[in-house]
Amino acid sequence: MKKRKLTQFEKMLHGARRALLEEIGECYDETLRVSGDSSSEALSGYFFHPAEAGSNNYEQDRAAGLITSKSGMLKEIESALARIREGRFGVCEECGCNIPLARLEAIPYCRACVKCKSRT
Ligand SMILES: [Zn+2]
């Protein structure tokens, strides 16, 4: 992949990462507002173990669920950024082919080509 294109994807991923972090932060506010617990210890506990933090109502469950799914996506984005650094970005992890640009533009953090993805 061309360096310029790669830089573009890197920028895109960084932007998506920042937006996600902000959204996750908003979810925290929600869970904290509901639980009334604002200690930073509880905050970091919630971030890394949302399922273990315990929740007792719908709003908290919903926010915790959002944090879990957004954290998962954040991990995907961060591993995509790592692949850019390691020069493996855009290569299918299953078959080693180059993932088509159109697919990367739609999902910049995807790990496999459509063929491999649909096989799993
Ligand atoms: Zn593949």
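Quantities reported herein were computed from a predicted structural model and do not represent experimental measurements.

## Examining the overall build of the chain
Logical step 1: Looking only at helices and strands, the chain has 5 helices and 0 strands in total.
Logical step 2: The helix and strand sequence of the chain, counted from the amino end, reads α-α-α-α-α.
Logical step 3: Counting across all 120 residues of the chain, residues that qualify as buried make up 17%.
Logical step 4: Put simply, 54% of the contacts in the chain that link residues at least 6 apart link residues at least 24 apart.

## Notes on the environment of Arg83
Logical step 1: Structurally, the position occupied by Arg83 is in helix H3 (residues 58-86).
Logical step 2: In sequence terms Arg83 and Arg111 are 28 residues apart; their C-alpha atoms lie 9.6 Å from each other.
Logical step 3: Excluding its chain neighbours within four sequence positions, the residues that come into contact with Arg83 are Arg88 and Phe89.

Cut-offs and rules
- Every chain begins its residue count from 1, and numbering advances along the sequence as written.
- Restriction of local features to residues with pLDDT of at least 70 applies here, the model being predicted, together with a cutoff of 80 or more for giving and counting side-chain atom pairs; totals for whole chains, interfaces and linings are based on all residues.
- Counting from the N terminus, the helices are DSSP H or I runs at least four residues long and the strands are E runs at least two residues long.
- Counting other C-beta atoms within 10 Å of a residue's own tells you its class, since 20 or more makes it buried, 12 or fewer makes it exposed, and anything in between is partly exposed; those C-beta atoms are placed from the backbone.
- We call two residues in contact if the C-beta atoms placed from their backbones are at most 7 Å apart.

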